[in-house]
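Given next are the chains, with one letter for each unit.
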Amino acid sequence: MVNGIDRPLDLLNSAKGKEILVQLKTGKQYVGTLLAFDIHVNVVLDNAKEVENGEQTTSYGLMFLRGDTIIFITPSAAKA
Amino acid sequence: MVNGIDRPLDLLNSAKGKEILVQLKTGKQYVGTLLAFDIHVNVVLDNAKEVENGEQTTSYGLMFLRGDTIIFITPSAAKA
Amino acid sequence: MVNGIDRPLDLLNSAKGKEILVQLKTGKQYVGTLLAFDIHVNVVLDNAKEVENGEQTTSYGLMFLRGDTIIFITPSAAKA
Amino acid sequence: MVNGIDRPLDLLNSAKGKEILVQLKTGKQYVGTLLAFDIHVNVVLDNAKEVENGEQTTSYGLMFLRGDTIIFITPSAAKA
Amino acid sequence: MVNGIDRPLDLLNSAKGKEILVQLKTGKQYVGTLLAFDIHVNVVLDNAKEVENGEQTTSYGLMFLRGDTIIFITPSAAKA
Amino acid sequence: MVNGIDRPLDLLNSAKGKEILVQLKTGKQYVGTLLAFDIHVNVVLDNAKEVENGEQTTSYGLMFLRGDTIIFITPSAAKA
Amino acid sequence: MVNGIDRPLDLLNSAKGKEILVQLKTGKQYVGTLLAFDIHVNVVLDNAKEVENGEQTTSYGLMFLRGDTIIFITPSAAKA
C-alpha cells in the first residue's frame, strides 16, 4: 500500500479521482472526489459534502479548499 | 464536469463571470460574480452580498476579498 | 462596470482617489479616500474614519493600514 | 496634502521626525516620534508612550515595534 | 542513539518506516508509521490513529498531515 | 539620541551590550542584556529575567527569544 | 560567558549536547539535550521531558520540535 509514497504529496497524487476526507482547522470536515491539488495543499473536490458528527449536512458540488486551513487529508474512510 | 481542472486555480478560472460562494474564516459567507483572482486567492466579486444563515444581509457591489481569509470557494449553489 | 479588472489589484487601482470601505479582521471598518496600495494590500487612506454600526466614530486624517489585517475592500457604499 | 504618496510607505516616509499614532493588534496604542521604518513596517519611535482610552499610561523613550503586530499608523492626531 | 542527527529532519529520516507520535496545535495526537515527510514537516502516516487521553479513538489508514499544524513529533513511545 | 537610527534594526544594534525590555505577544515581559539579534528580530539576552507587574519573577541566564513572538523592544527603562 | 555569540543561533550552537529548556506558545515547557537545530529554530531534543509547574510529567526520548511553536530557549536551568 505504501509503494510510491516518497514525498507527502505523492499520497495526494495517488488519491486523485478518489474520495478523500479533509479535516479543517475550523473543526469542519469535507468529503469529496479529489480533482486537483498544488504544493500549497490547495485542493479541489468534486461532489463536496460537509460532514458533522459523521453526518453529511450540506452538498456543494465543486469546491476549492485553501491549503492553509487544512489539518489533514485521508484517502481512506474513517473506521471507529 | 471535471474536464480541464488539473490545478486548483483552474476551478476559479472556469468560474470567471459566474456566481460563486466564498466562505471566510470569520464564519461569514459572500456571494457574487467572480471577476478576477490571483495566486494568493485574492478575489474580486461583482454584485457582492453578505450571507448569514442563507439570507442575504448586505449588498456591496464590487468587492476585493483578501485570499488569506478564505476557507473555500464553490461555484455551485449549496443544496442541503 | 467590470471593464479592466483582470487581476484583483485592478479594482484597487480603479478606486484610487475615491472613497472605499475597508473591513478589518478585528471587526472594525474604516472609510476614506484611497491614495495608495501595494501588492501586500497595504493601503493609505485620506480623511480616514472608523465606522461602528454604520456610525462614524473617530476621524484620523491620513492612515496607513497594514494589508494582513484586511478582510475586504469595497469601493461602493454599502446598501442594506 | 496627498502630494507624493504613490506607495503606502511614502506616507511613513513623509512622517519621519513627526509624531505618529500606532494601533496594535493587541488593542494597545503607542504614540511617538517616527525615527525609522522598513518594508516589514517595523518602526522605531522616540519618546514612545502607551495610550489607553486616550490617556498616556507609560513612557518608554526609544521603542522598536515589530511590524506584524501593527494594524494602522496615522501621522495625524485623532479627532473625535 | 544520537548518531547521524546533525539537522532536525535527520530524526524524521531515521524514523521512516517506524511508528511516530505527532502532537498537533489543536491538542490532538496521531500515531502511525512514518512513510514520508518534507521540509515543511508535512508528513504521511500509514495506519494512522487519533489518540485522546492515551486511548486510540479513530483509525484512518493513510493520512497526510500538514506541517504547520504540528507542534512535535517523537519516534519513541511515551513513558509516563 | 536619535543619531544613527536610519533603519529600525539600528536601534537594536546601538543597544548591544545594554539592558533591554522585550514585550511578548503572550503578555509576558523579559529584561536582559542584548547580546545578539538578526533580521527576524530573534534576540539573545544575557541575565534574562521574566517580569510581571514590574516585578522580576524568574531568572534564566542566557535566553534565545524567537522574533515572531515579540511586540516591542525598548532599550530604556520604563518610566510611569 | 558571552564569548562567541554574534548571532542568535550561536547560542543554540554552543548549547549542543547540553540540556536546554524550551518554552512553547501553548504554555508547555520541554527540557532535554539539544542534538540539532536549523534556521527555522526547529530543534531535536534527546531525553525530552514535558514540564508543568516545574514538575516533569511525561518522558518522550527523542523529540522533533517545530520552530514556529517556540517562544524561547534557554540553556540554563531556571532559578527563581
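A short tour of the structure in this document, coming up. (Residues numbered from 1 in each chain as written. Chains lettered and ligands numbered in written order. Predicted model: local features only at pLDDT ≥ 70, side-chain atom pairs only at ≥ 80, totals over all residues. Heavy atoms only, no water.)

1. Brief notes about the overall build of chain A
Reasoning step 1: For chain A, the count of helices and strands is 1 helix and 5 strands.
Reasoning step 2: Reading the secondary structure of chain A in the N-to-C direction produces α-β-β-β-β-β.
Reasoning step 3: Here chain A has a C-alpha radius of gyration of 12 Å; the compact-globule value for 80 residues is 12 Å, and the two agree.
Reasoning step 4: Projected onto the principal axes, the alpha-carbon positions of chain A cover approximately 35 × 30 × 20 Å.
Reasoning step 5: Within the span of chain A, comprising 80 residues, buried residues form 57% of the whole.
Reasoning step 6: Pairs at least 24 residues apart make up 36% of the contacts formed inside chain A by residues separated by at least 6 positions.
Reasoning step 7: Mean positive and mean negative side-chain charge positions of chain A (8 and 9 charges, respectively) differ by 3 Å. (Helix = DSSP H or I, 4+ residues; strand = E, 2+ residues; numbered from the N terminus. Rg over C-alpha atoms; globule rule 2.2 N^0.38 Å. Buried < 20%, exposed > 50% of the residue type's maximum accessible area, 1.4 Å probe, protein only. Contact = heavy atoms within 4.5 Å. Lys, Arg positive; Asp, Glu negative; His and termini not counted. Charge placed at Lys NZ, Arg CZ, Asp CG, Glu CD.)

2. Details of unusual backbone geometry
Reasoning step 1: Positive phi is not limited to glycine here, since Val41(B) has a value of about 65 degrees.
Reasoning step 2: The topology assignment puts Val41(B) in the loop between strand E2 (29–37) and strand E3 (43–52).
Reasoning step 3: In this structure, Asn47(G) takes a positive phi of about 55 degrees despite not being glycine.
Reasoning step 4: Mapped onto the secondary structure, Asn47(G) falls in strand E3 (residues 43–52).

3. Focus on the pattern of salt bridges
Reasoning step 1: Counted under the stated rule, the structure contains 28 salt bridges over all chains.
Reasoning step 2: One salt bridge in this structure joins Asp68(A) and Arg66(A), with 3.0 Å as the shortest N-O distance.
Reasoning step 3: Its relative accessible area of 23% is what places Asp68(A) among the partly exposed residues.
Reasoning step 4: Put simply, Asp68(F) and Lys25(G) hold a salt bridge, and the shortest N to O gap is 3.0 Å. Taken together, the residues Asp68(F) in the loop between strand E4 (55–65) and strand E5 (70–74) and Lys25(G) in the loop between strand E1 (19–24) and strand E2 (29–37) connect one chain to another.
Reasoning step 5: You can call Lys25(G) partly exposed: its relative accessible area is 41%.
Reasoning step 6: Through salt bridges with shared partners, a single network forms among Lys25(A), Arg66(E) and Asp68(E). (Salt bridge = Lys/Arg side-chain N within 4 Å of Asp/Glu carboxyl O.)

4. A few points about the arrangement of the chains
Reasoning step 1: For the non-touching pair chain B and chain F, the nearest C-alpha separation works out to 18 Å.
Reasoning step 2: The two units chain D and chain G are non-contacting; their minimal C-alpha-C-alpha distance is 15 Å.

5. Quick notes on the interface of chain A and chain B
Reasoning step 1: Taken together, the contact pairs 24 residues of chain A with 26 residues of chain B.
Reasoning step 2: Overall, the association of chain A and chain B removes approximately 1,900 Å² of surface from exposure, summing both partners, and the carbon and sulfur fraction of that is 66%.
Reasoning step 3: At the boundary of chain A with chain B, the tally comes to 1 salt bridge.
Reasoning step 4: For the pair chain A and chain B, the interface holds 7 residue pairs in polar contact (both at pLDDT 80 or more). (Buried area = accessible area lost by both parts, 1.4 Å probe. Polar contact = N/O pair within 3.5 Å; in protein donor to acceptor, adjacent residues only side chain to side chain.)

6. A few points about the side chain of Asn42(F)
Reasoning step 1: Tracing the sequence through the fold places Asn42(F) in the loop between strand E2 (29–37) and strand E3 (43–52).
Reasoning step 2: We classify Asn42(F) as buried; its relative accessible area is 6%.
Reasoning step 3: A polar contact of 3.0 Å, which involves the side chain of Asn42(F), links it to the side chain of Asp38(F).
Reasoning step 4: Side-chain polar atoms of Asn42(F) contact the backbone nitrogen of Gly67(F), separated by 2.7 Å.
Reasoning step 5: When sequence neighbours within four positions are dropped, the list of residues in contact with Asn42(F) reads Ala36(F), Phe37(F), Phe64(F), Leu65(F), Arg66(F), Gly67(F) and Pro8(G).

7. Topic: the interface of chain A and chain E
Reasoning step 1: Each partner contributes to the interface: chain A provides 26 residues, whereas chain E provides 24 residues.
Reasoning step 2: Summed over the shared surface of chain A and chain E, the number is 1 salt bridge.
Reasoning step 3: Summed over the shared surface of chain A and chain E, the number is 7 residue pairs in polar contact (both at pLDDT 80 or more).
Reasoning step 4: Broken down by secondary-structure element, the contributors of at least two residues to the side of chain A that touches chain E are helix H1 (8–14) and strand E5 (70–74) of chain A.
Reasoning step 5: Per element, the largest residue contribution to the side of chain A that touches chain E is 5 residues, and it comes from E5(A).
Reasoning step 6: Two strands pair when backbone bridges link them, and E5(A) and strand E4 (residues 55–65) of chain E are joined in this way by 2 bridges, in the antiparallel orientation. (Pairing = 2+ DSSP bridges.)

8. Notes on the relation of the copies chain A and chain E
Reasoning step 1: The transformation that overlays chain A on chain E combines an axial shift of 0.0 Å with a rotation of 51 degrees, and the residual RMSD is 0.0 Å.
Reasoning step 2: Of the interface residues in chain A, just 4% have counterparts in chain E that sit at the interface too, so the contact is made through distinct surfaces. (Least-squares fit on C-alpha atoms with pLDDT ≥ 70 in both.)

9. A word on the environment of Leu65(E)
Reasoning step 1: Its location among the elements puts Leu65(E) in strand E4.
Reasoning step 2: A relative accessible area of 0% places Leu65(E) in the buried class.
Reasoning step 3: Sequence separation between Leu65(E) and Ala48(E) is 17 residues, and the spatial gap between their C-alpha atoms is 10 Å.
Reasoning step 4: Filtering out sequence-adjacent residues up to four positions away, Leu65(E) remains in contact with Ile71(A), Phe72(A), Val22(E), Leu24(E), Tyr30(E), Val41(E), Asn42(E), Val43(E) and Leu45(E).

10. Considerations on the pairing of strand E2 (residues 29–37) of chain C
Residue and element names in this part refer to chain C.
Reasoning step 1: With respect to burial, E2 is a largely interior element, 8 of its 9 residues being buried.
Reasoning step 2: The sheet contact formed by strand E1 (residues 19–24) and E2 spans 5 bridges and is antiparallel. Following the sheet pairing, Val-22 is matched in E2 by Tyr-30.
Reasoning step 3: In sequence, E1 turns back onto E2 through a hairpin of 4 residues, with Gly-27 there showing a positive phi of about 100 degrees.
Reasoning step 4: Sheet topology note: the E2/strand E3 (residues 43–52) ladder contains 7 bridges and is antiparallel. Counterpart to Leu-34 in the pairing with E3 is Leu-45.
Reasoning step 5: Linkage of E2 to E3, two consecutive antiparallel strands, is achieved through a turn of 5 residues, within which Val-41 is found at a positive phi near 65 degrees.

11. Overview of the packing of aromatic side chains
Geometry of an aromatic ring pair is reported as the spacing of the ring centres plus the angle between the planes.
Reasoning step 1: Taken as a whole and judged by the stated rule, the model has 16 aromatic pairs over all chains.
Reasoning step 2: With a centroid separation of 5.6 Å and 70 degrees between ring planes, the pair formed by Phe72(E) and Tyr30(G) is classed as edge-to-face. Residue Phe72(E) is found in strand E5 (residues 70–74), and its partner Tyr30(G) is found in strand E2; the two belong to separate chains.
Reasoning step 3: On the accessibility criterion, Phe72(E) (0% relative accessible area) is buried.
Reasoning step 4: Judged by its relative accessible area of 3%, Tyr30(G) is buried. (Phe/Tyr/Trp six-rings, centres within 6.5 Å; stacked < 30°, edge-to-face > 60°.)

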